[in-house]
Amino acid sequence: ANLGSANPQLIKRDRTSLLEPLADPQASPAFRLRFSEAISGSLNTLAASENEIVVINAMVIAGDLATAQGVELLNKGLASAKPAVRYQAAFGFRRTFEALTSMSTPTMRPDQAESAIRAVSEAIAKESDGLVVDGLVFAGVEATKSASLRNTALMHLNTADRKSTRLNSSHTVISYAVFCL
């Protein structure tokens with residue numbers, strides 16, 4: 001694949017071809033898990049690149065996998081020194097929770113999904129970039145849309161809201177999300 005290429009058109013083409021089967025509503029959990037196993041080594045290599053756009057593309061794919069391996073990579077993205085990578089990791093968590101909500105048979109065990117929610121809430125409390133905080137909050141809000149994750153997500157979002165040192169619109173978003181549920 002050309003995801004590590006310097007050519008943006010090649011990157012986009014290959015990213016799109018990898019994401020296409022994951023966008024299929026008929027993609028089974030077994031398919032997602034096997035697909036995740038098959039590409040996780042390559043994604044880890046891409047995520048270690050010095051090229052920010054390459055790392056961001058690895059985060060995009062990891063988020064759409066909606067597997068424990070994808071979440072592991074997203075956690076690494078949250079630890080990046082680059083705000084753009086952290087933002088894409090946050091958006092990847094949002095995509096993961098969105099996919100989990102729509103699955104009749106999840107690709108992650110409950111403890112793995114709860115660990116992902118915890119990672120998002122801990123990142124909210126530590127994050128200094130306002131846009132990344134917003135992305136993390138929206139990821140947490142997405143987790144509240146899943147009946148099986150709602151209570152855990154609300155509890156962790158509430159805790160993150162109290163611990164956050166970044167006062168911005170995210171607090172309003174968290175409060176609104178809690179109010180709507």
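Located above this text is the structure these notes cover.
All figures in this text were calculated on a predicted structure; none of them were measured in a lab.

A.B. asks: Looking at this structure, I do not really get the overall build of the protein. What am I missing?
C.D. replies: Helix and strand counts for the protein come out as nine helices and zero strands. Secondary structure elements in the protein, listed N-terminal to C-terminal, are α-α-α-α-α-α-α-α-α. Counting the 181 residues in the protein, one finds 48% classified as buried. The contacts in the protein between residues at least 6 apart in sequence include a share of 62% that link residues at least 24 apart. Taken as a whole, the protein presents about 9100 Å² of accessible surface, with 54% of it coming from carbon and sulfur.

A.B. asks: Help me understand a nonpolar patch on the surface in this model?
C.D. replies: A grouping of Tyr-87, Phe-91 and Leu-131 is seen on the molecular surface, where their side chains present a nonpolar patch of about 300 Å² in accessible area. Looking at the secondary structure, you find Tyr-87 in helix α5 (residues 83-102). For Tyr-87, a relative accessible area of 36% puts it in the partly exposed group.

A.B. asks: I keep staring at the packing of helix α3 (residues 52-65) against helix α4 (residues 68-78) and nothing clicks. Help me out?
C.D. replies: In a pair of packed helices, the angle between the axes and the distance between the axes together describe the arrangement. The interhelical angle for the contact between α3 and α4, taken along N-to-C directions, is 140 degrees, at an axis separation of 8 Å. Looking at the two axes, α3 sits oblique to α4. Judged by the sense of rotation from one axis to the other, the crossing of α3 with α4 is left-handed. Each of Ala-58, Met-59, Ala-62, Gly-63 and Leu-65 in α3 lies in contact with α4, whose residues at this interface are Gly-70, Leu-73, Leu-74 and Gly-77.

A.B. asks: I'm lost on the side chain of Thr-107 in this one. Help?
C.D. replies: With respect to the secondary-structure elements, Thr-107 resides in the loop between α5 and α6 (110-126). Among all residues touching Thr-107, those that are not within four sequence positions of it are Pro-29, Arg-32, Leu-33, Ala-66, Thr-67 and Leu-100.

A.B. asks: Explanation requested: the pattern of salt bridges in the structure shown.
C.D. replies: Two side chains bearing opposite charge may form a pair once their charged atoms approach each other closely. This structure, assessed with the given rule, holds seven salt bridges. Here Asp-111 and Arg-109 are joined by a salt bridge, their closest N and O atoms 3.0 Å apart. On the basis of relative accessible area, Asp-111 is assigned to the partly exposed category, the value being 43%. One connected set of salt bridges, linked through shared partners, spans Asp-64, Arg-95 and Glu-98.

A.B. asks: Is there a simple way to explain α4 in this structure?
C.D. replies: Since there are 3.6 residues in each turn of an α-helix, residues three or four apart along the chain are aligned in direction. All buried positions along α4 are accounted for by Gly-70, Val-71, Leu-73, Leu-74, Gly-77 and Leu-78. Seen end-on, α4 carries its buried residues on one side only, within an arc spanning 160 degrees. Of the surrounding elements, those touching the buried residues of α4 are α2 (29-47), α3, α5, α6 and α7 (130-144).

A.B. asks: Looking at this model, I keep getting lost on α5. Mind explaining?
C.D. replies: For α5, with 20 residues, the first-to-last C-alpha span of 29 Å sits near the 28 Å given by 1.5 Å per residue. For α5, the complete set of buried residues consists of Val-85, Arg-86, Gln-88, Ala-89, Ala-90, Gly-92, Phe-93, Thr-96, Phe-97, Ala-99 and Leu-100. Structurally, α5 contributes buried residues whose contacts are with α2, α3, α4, α6 and α7.

Reading the values: the criteria
Residues numbered from 1 in each chain as written. Predicted model: local features only at pLDDT ≥ 70, side-chain atom pairs only at ≥ 80, totals over all residues. Heavy atoms only, no water. Helix = DSSP H or I, 4+ residues; strand = E, 2+ residues; numbered from the N terminus. Buried < 20%, exposed > 50% of the residue type's maximum accessible area, 1.4 Å probe, protein only. Contact = heavy atoms within 4.5 Å. Areas by Shrake-Rupley, 256 points an atom, 1.4 Å probe, with all protein chains shown as cover. Patch = residues over 30% accessible without salt bridge, like charges linked within 9 Å, V, L, I, M, F, W, Y side chains within 5 Å. Salt bridge = Lys/Arg side-chain N within 4 Å of Asp/Glu carboxyl O. Axes fitted to C-alpha atoms, helices over the stretch in contact; angles between N-to-C directions. Parallel < 35°, antiparallel > 145°, perpendicular 65-115°, else oblique. Left-handed = near helix turned anticlockwise from the far one by under 90°. Arc of directions from axis to C-beta. Expected span 1.5 Å × (residues − 1).

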